[in-house]
Amino acid sequence: MSLSEGTNPVELDEGSFFSKLTFSWINPLLSRGYLRPLTLQDIPSVSTEDESDLAYQKFAGAWESLVREKSSNGGRNLVLRAITKVYFKENIFIAICAVLRTISVVSLPLLLYAFVNYSKREKENLQDGLVLLGCLVVAKVVESLSQRYWFFASRRCGMRMRSALMVAVYRKQLKLSSLGRRRHSTGEIVNYIAVDAYRMGEFPWWFHSSWSFVLQLLMSIGVLFWVVGLGAVPGIAPLVICGFLNLPLAKIIQKCQSQLMIAQDERLRAISEILNGMKIIKLQSWEDKFKGLIESLRDNEFKWLAKHQLLKPYGSVVYWNTPIFVSCIVFLGCAVFGSAHLNAGTIFTVLATLRSLAEPVRTLPEALSILIQVKVSLRRINTFLLDDELRNDEVRRFPLQNSDESVTVEAGNFSWVPEIASPTLRNVELNIKRGQKIAICGPVGAGKSSILYAMLGEIPKLSGTVMDGGQITQSGSYEELLMAGTSFEQLVSAHRDSITALAFRNGEGQGESQEIAPEMSNVCFPTKQNSEGEIPVKGPPGVQLTQDEETEIGNVGWKPFVDYVSISKGSVYLSLSILIQCIFVVLQAASSFWLAFSIHIPNMTNSMLIGVYTGIATLNVVFVFFKSHYAFLLGLKASKAFFSGLTNAIFKAPMFFFDSTPVGRILTRASSDLSILDFDIPITIVYIECGITELMATIGIMAFITWQVLIVAILAMVALKYIQDYYVASARELRRINGTTKAPVMNHAAETLQGVVTIRAFNMVDRFFKNYVRLVDTDAMLFCLSNAAMEWLVLRIETIQNLTLFTAAFFLLLLPKNRVTPGLVGLSLSYALSLTGMQLTASTSYCNLSNYMVSVERIKQFMHIPEEPPAIIEDNRPPSSWPSKGRIEFQELKIRYRSNAPLALEKCQLKTTISDLENKLDSSVAHRVPTVIDSDMVMVLSYGKLLEYDEPSNLMAQTLPSRCLWLNAGRVAGEIRIKVLAIISDMKEYWLENRSNMQCYHRIYVHQEHNPAKCHNEKRSKNSTLILYQYNNT
């Protein structure tokens, strides 16, 4: 089933055995992507087994049972235990595939040993040689298929884990109490989803890699003992030493990772809060101050990032050179103990065995680092899921029967922080009749919002009773309610009419808008969901505020990588890293050639053979360190440059950008996209350099011994180039689409948390939850398809390069006797066995880098936002005496929020003079006047205490106390929010004389009489209006 009609579905679970075996079930999608760029409509829906709601239900069942047993679990991580309980059976199959792959890899050096011994026979027997070739084919086929299904199944399992945790975090935030929301900001919760839960997608792969590589390490040591006997004993020592060296390095990395994630949380929390308050920041011109705050938080984060990244080259030194130094010690042990002759069979079997150790020793440090990150992430999610939830007993709800009372509060005391002695609301006694409209008035901080939260049960209740009665008048889907002919239809019609009126009020000379006017009454219906999860409404062109996210389309070549290097100004570091990698490969090949030729040199002593080999290996240590060091320096420079550019662009962006761009889009770039620049791109560059240079060296050595291999290798490279381009065309678009589907997930979570009280108040929790699950499913399907496409590519790369390997082995069998020495046969096969691995490293790293460049595109896209005019223009600054008079004039002012929006202010007239009053006389009117007067009841709050609660007419009929003031303000437009910055000059003396007697709140009557002197002792006149005024006498 597809997300849109007319597209061919990709059947993941219903394909044939051959289709699943070769990943051919994804061919329709890849073919479509090769012919034209893929869109979201081309992506099939997620299969039933992979639905996030099902994954969450399984996890929730295990979680609830573990929470009930929490006392017996002690301090153990309940999230990890729940994940293990749910997905243990799936991982058994993955473990079997990992074991089969490990056995096949370890058996390859034994086959090399057999090939070298076959080349030394006096009498040739081609049949025996073909048997060896058949065993080699079986070993490579088993290795390839088992590894592909291990990789895909582990990532598919990780996708389910990820979906379950993402939904669990979202579900938790819907139930989070006020105390929990204080402990976890919006930025932190988004980070739990965007970073911590997302990391689980790769967790099963890294987990099985860690133990299977350890098993491979142990089995390879067993092969060494079988080949050289006691000579392998001295080689155990450097392995043990490296293991102990890894412990302090791992602890330092873990500390850096923990501190890095704490710093990242602080930065994302600050970014989230700043984005939500950007209107105020720009109004007050505080951009530089808050930008400096973000940069200081990033500097702290960058400190730990740099330490974390610059530690990795030390791990590379230890583990890249371990096989080389171990081989030196093993050769020395053979010479000392005499357990094995240092001939071609012994030497190259040892080298091939230790070469198979290169993958474990290179990957284990990274696997350990990833597992440490997962441990930290699981601990953070576990803490969040165990946090305080909203209590259901805060408010007692009864169905409406014959009672007129809708809400009753008896002796209510409420506090946002229960531990504080002074409650937020004290001794609240309140009865609200059914159908009444209540105005809640008071100064800022008086408790207006708090009393609403208290009625909804959002504030912890210290004492008292809150009773709430109500019923749902209508429920159903949008279409059902719209067709029911009820008040809901009237509401939608009114909304449609208002949009139409706004659009055509602004239609100055817009002929197209006038032409479609008669059709407007029939065009306001929901359509397909866009990339941000909003439901667009069809209407006049240019009315929609939030636009679909823009992405690059098609092949952009090397431009993103060039931008990555040029913006970071890291071309020198990249060049040095490539140069040092080439030198490393040349020295590595030289040491192997030395062994192949020296064993056939007469009178060559073991000490000379081992000494030269050890000298070359020792020289290589320096190059191993610096090739990684410069690549990580390039990554750090790029991270710094792109973050600086993104931050500058965001703070210089006009307000329209923030009005039309969901916060989730910006947060995704500041979190997951920036994380890819921080961690993934630098290590991928290292892998590409390593894969390409070693692949060229391997093909060169094989062609040096059997030139016919070069023909097959060239044909294989041409085929691989076509397959790689065929894959990248779809994979790149899948990555881009995934970038637009991840942002809605984060944006939905962030906006839900900001409005969670309203969502709970209107019983919309299930609706928002279903929308979120749908967004997670779309994102998960793209993750699954991306991994399936990668396995499709890798399987075909392995098949083609295995043909090259089999061809090389076959020609070695056909070589005439004494045409090549056994040493060269061993050299050729030892490199040929690593051919597939080198090709995979080069190809997959290149494809991954192409996908990671999408993050570079996305961040760079926001680095080129049109800037608002500068705050200061040096060539156009006013004189120092400006302003001579505090006068503001607006004449025929017309304002709109953006070029294609209706007018917000039309023909605005304002002419006023700002008096030079003291700063203490700063006041505000916080409510619209008609809203208060039209209410059935008015509630006046001050610092959490209910001072007055009565009908507006009763409050206004009271005799005015001396602290109340009559202002001659003329006619007041009740629909305008008023910010009183100063008092008119003829009332100045009154305020200065009486301010010492004023309290924390006042009633101000605005009327149309023209004698201010008479107004001090008069009652409310017929035309006066009640507004509320706060005065802070401190």
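Conventions used here
- Residues numbered from 1 in each chain as written.
- Predicted model: local features only at pLDDT ≥ 70, side-chain atom pairs only at ≥ 80, totals over all residues.
- Heavy atoms only, no water.
- Helix = DSSP H or I, 4+ residues; strand = E, 2+ residues; numbered from the N terminus.
- Buried < 20%, exposed > 50% of the residue type's maximum accessible area, 1.4 Å probe, protein only.
- Contact = heavy atoms within 4.5 Å.
- Areas by Shrake-Rupley, 256 points an atom, 1.4 Å probe, with all protein chains shown as cover.
- UniProt positions renumbered as here; feature names shortened; annotations may be inferred.
- Polar contact = N/O pair within 3.5 Å; in protein donor to acceptor, adjacent residues only side chain to side chain.
- Patch = residues over 30% accessible without salt bridge, like charges linked within 9 Å, V, L, I, M, F, W, Y side chains within 5 Å.
- Salt bridge = Lys/Arg side-chain N within 4 Å of Asp/Glu carboxyl O.
- Lys, Arg positive; Asp, Glu negative; His and termini not counted.
- Charge placed at Lys NZ, Arg CZ, Asp CG, Glu CD.
- Phe/Tyr/Trp six-rings, centres within 6.5 Å; stacked < 30°, edge-to-face > 60°.
- Lys NZ or Arg CZ within 6 Å of the ring centre and 35° of its normal.
- Core = buried A, V, L, I, M, F, W, Y, C linked by side-chain atoms within 4.5 Å.
- Axes fitted to C-alpha atoms, helices over the stretch in contact; angles between N-to-C directions.
- Parallel < 35°, antiparallel > 145°, perpendicular 65-115°, else oblique.
- Left-handed = near helix turned anticlockwise from the far one by under 90°.
- Nonpolar A, V, L, I, M, F, W, Y, C, P; charged D, E, K, R; others polar.

Trainee: Residue-level account of the overall build of the protein chain, with values.
Mentor: Scanning the protein chain for helices and strands turns up 31 helices and twelve strands. A buried classification covers 52% of the 1034 residues belonging to the protein chain. Pairs at least 24 apart in sequence give 83% of the contacts found in the protein chain among residues at least 6 apart. Taken as a whole, the protein chain presents about 48600 Å² of accessible surface, with 58% of it coming from carbon and sulfur.

Trainee: Describe the UniProt feature "transmembrane region" (unreviewed entry) in the protein chain, and please don't skip the residues or the numbers.
Mentor: Using the residue numbers shown here, the UniProt feature "transmembrane region" (unreviewed entry) corresponds to residues 92-118, 130-152, 205-229, 235-253, 317-338, 572-596, 608-626 and 701-723. Within the segment residues 130-152, helix and strand shares are 100% and 0% respectively, and the terminal C-alpha atoms sit 33 Å apart. The span residues 572-596 is 100% helical and 0% strand by assignment, and the distance between its end C-alpha atoms comes to 37 Å.

Trainee: Got a sec to walk through the environment of Ala 454? Specific residues and values, please.
Mentor: By the secondary structure assignment, Ala 454 is in helix α15 (residues 448-456). In this structure the C-alpha to C-alpha distance between Ala 454 and Gly 412, which are 42 residues apart in sequence, comes to 8.9 Å.

Trainee: Which residues make up the side chain of Glu 798, and what values go with them?
Mentor: As for its position among the elements, Glu 798 is in helix α26 (residues 765-814). Given the relative accessible area of 3%, Glu 798 is considered buried. For Glu 798, the side chain forms a polar contact with the side chain of Ser 144, separated by 2.3 Å. With residues up to four places along the chain from it excluded, the contact list for Glu 798 reads Ser 144, Gln 147, Arg 148, Thr 836 and Leu 840.

Trainee: Quick one: what's the story with the environment of Leu 815, residue by residue and with numbers?
Mentor: Summarising the element assignment, Leu 815 is placed in the loop between α26 and α27 (822-832). On the accessibility criterion, Leu 815 (16% relative accessible area) is buried. Between the alpha carbons of Leu 815 and Thr 706 there is a distance of 8.7 Å; along the sequence they are 109 residues apart. Once residues lying within four places of it in the same chain are set aside, the contact partners of Leu 815 are Glu 124, Thr 706 and Val 820.

Trainee: Can you break down a negative patch on the surface residue by residue, with the values?
Mentor: Judged by side-chain charge, Asp 404, Glu 405, Glu 410 and Glu 429 come together as a negatively charged surface patch. Checked against the element boundaries, Glu 405 lands in strand β2 (residues 405-414). In this structure Glu 405 comes out as partly exposed when scored by relative accessible area, which is 33%.

Trainee: Account for the packing of aromatic side chains, with residues named and values stated.
Mentor: In total, this model carries 32 aromatic pairs according to the counting rule given. Site record: aromatic cluster; members linked through ring pairs are Tyr 314, Tyr 573, Phe 625, Phe 626 and Tyr 630. The side chain of Arg 171 reaches across the aromatic face of Phe 769, ending 4.4 Å from its centre. Its end group placed over the ring of Phe 584, Lys 627 keeps NZ or CZ at 4.4 Å from the ring centre.

Trainee: Outline the nonpolar core, supporting the account with residue identities and numerical values.
Mentor: If you look at the biggest cluster of nonpolar residues, it comprises 102 residues, and the most contacted ones within it are Phe 59, Tyr 564 and Ile 681. When residues of this core are assigned to their parent elements, the largest contribution, twelve residues, is made by helix α6 (residues 126-175). In contact with Phe 59, not counting residues within four places along its chain, are Val 79, Ala 82, Ile 83, Val 86, Ala 164, Leu 165, Ala 168 and Leu 385. Within the second largest apolar cluster, 66 residues are counted, among which are Leu 239, Val 350, Ala 352 and Leu 595.

Trainee: Please provide a residue-by-residue account of the environment of Val 223, values included.
Mentor: Of note, Val 223 is situated in helix α9 (residues 203-228). For Val 223, the residues in contact, after removing those within four places along its chain, are Val 106, Leu 110 and Thr 353.

Trainee: Pulling in residues and values, what's your account of the side chain of Glu 689?
Mentor: As for its placement among the helices and strands, Glu 689 is situated in helix α23 (residues 663-705). No salt bridge is formed by the buried Glu 689; the nearest opposite charge belongs to Lys 627, separated by 7.2 Å. Beyond its immediate sequence surroundings of up to four residues, Glu 689 is in contact with Leu 574, Ser 577, Ile 578, Gln 581 and Lys 627.

Trainee: Account for a nonpolar patch on the surface, naming residues and giving values.
Mentor: A surface patch of nonpolar side chains, about 530 Å² in accessible area, is lined by Phe 88, Ile 92, Ile 96, Leu 100, Val 138 and Val 142. Looking at the nonpolar patch, the elements with two or more residues in it are α5 (78-119) and α6. Sorting elements by how many residues they give to the nonpolar patch places α5 first, with four residues. As for its position among the elements, Val 138 is in helix α6. Assessed through its relative accessible area of 51%, Val 138 is described here as exposed.

Trainee: I'd love a proper account of the packing of helix α20 (residues 571-598) against α27, names of residues and values included.
Mentor: Their axes nearest at 8 Å, the elements α20 and α27 cross at an angle of 150°. As judged from the angle between their axes, α20 and α27 are roughly antiparallel. Note on packing geometry: the crossing formed by α20 with α27 is right-handed. Contact residues: Gln 588, Ala 589, Ser 592, Phe 593, Ala 596 and Phe 597 in α20; Gly 823, Leu 824, Leu 827 and Tyr 831 in α27. Class assignment of the residues belonging to the contact of α20 with α27 gives a composition of seven nonpolar, three polar and no charged.

Trainee: A description of the pattern of salt bridges should follow, citing residues and the corresponding values.
Mentor: According to the stated counting rule, one finds 27 salt bridges in the structure shown. Salt-bridge contacts for Asp 766 lead to Arg 171; the nearest nitrogen and oxygen are separated by 3.8 Å. Highlighted residues: Asp 766 in helix α26 and Arg 171 in helix α6, separated in sequence by 595 residues. Accessibility expressed as a relative area gives 49% for Asp 766, which makes it partly exposed. Its salt-bridge partner being Arg 858, residue Asp 673 comes within 2.7 Å of it at the nearest N-O pair. Taken as a pair, Asp 673 in helix α23 and Arg 858 in helix α28 (residues 835-863) lie far apart in primary sequence, 185 residues in all. The exposure class of Asp 673 is buried, given its relative accessible area of 6%. The exposure class assigned to Arg 858 is buried, which follows from its relative accessible area of 6%. Taken together, the shared-partner salt bridges in this structure form one network comprising Glu 49, Asp 50, Glu 90, Arg 156 and Arg 160.

Trainee: Break down the packing of α26 against α27 for me, with residues and values.
Mentor: Put simply, α26 and α27 touch, their axes get as near as 10 Å, and they point 165° apart. If you check the angle between α26 and α27, you find them roughly antiparallel. You can see that α26 and α27 cross each other, and the crossing is left-handed. Contacts between α26 and α27 involve Leu 805, Ala 809 and Leu 812 from the first element and Val 825, Ser 828, Leu 829 and Ala 832 from the second. Residues belonging to the contact of α26 with α27 are distributed by class as follows: six nonpolar, one polar and no charged.

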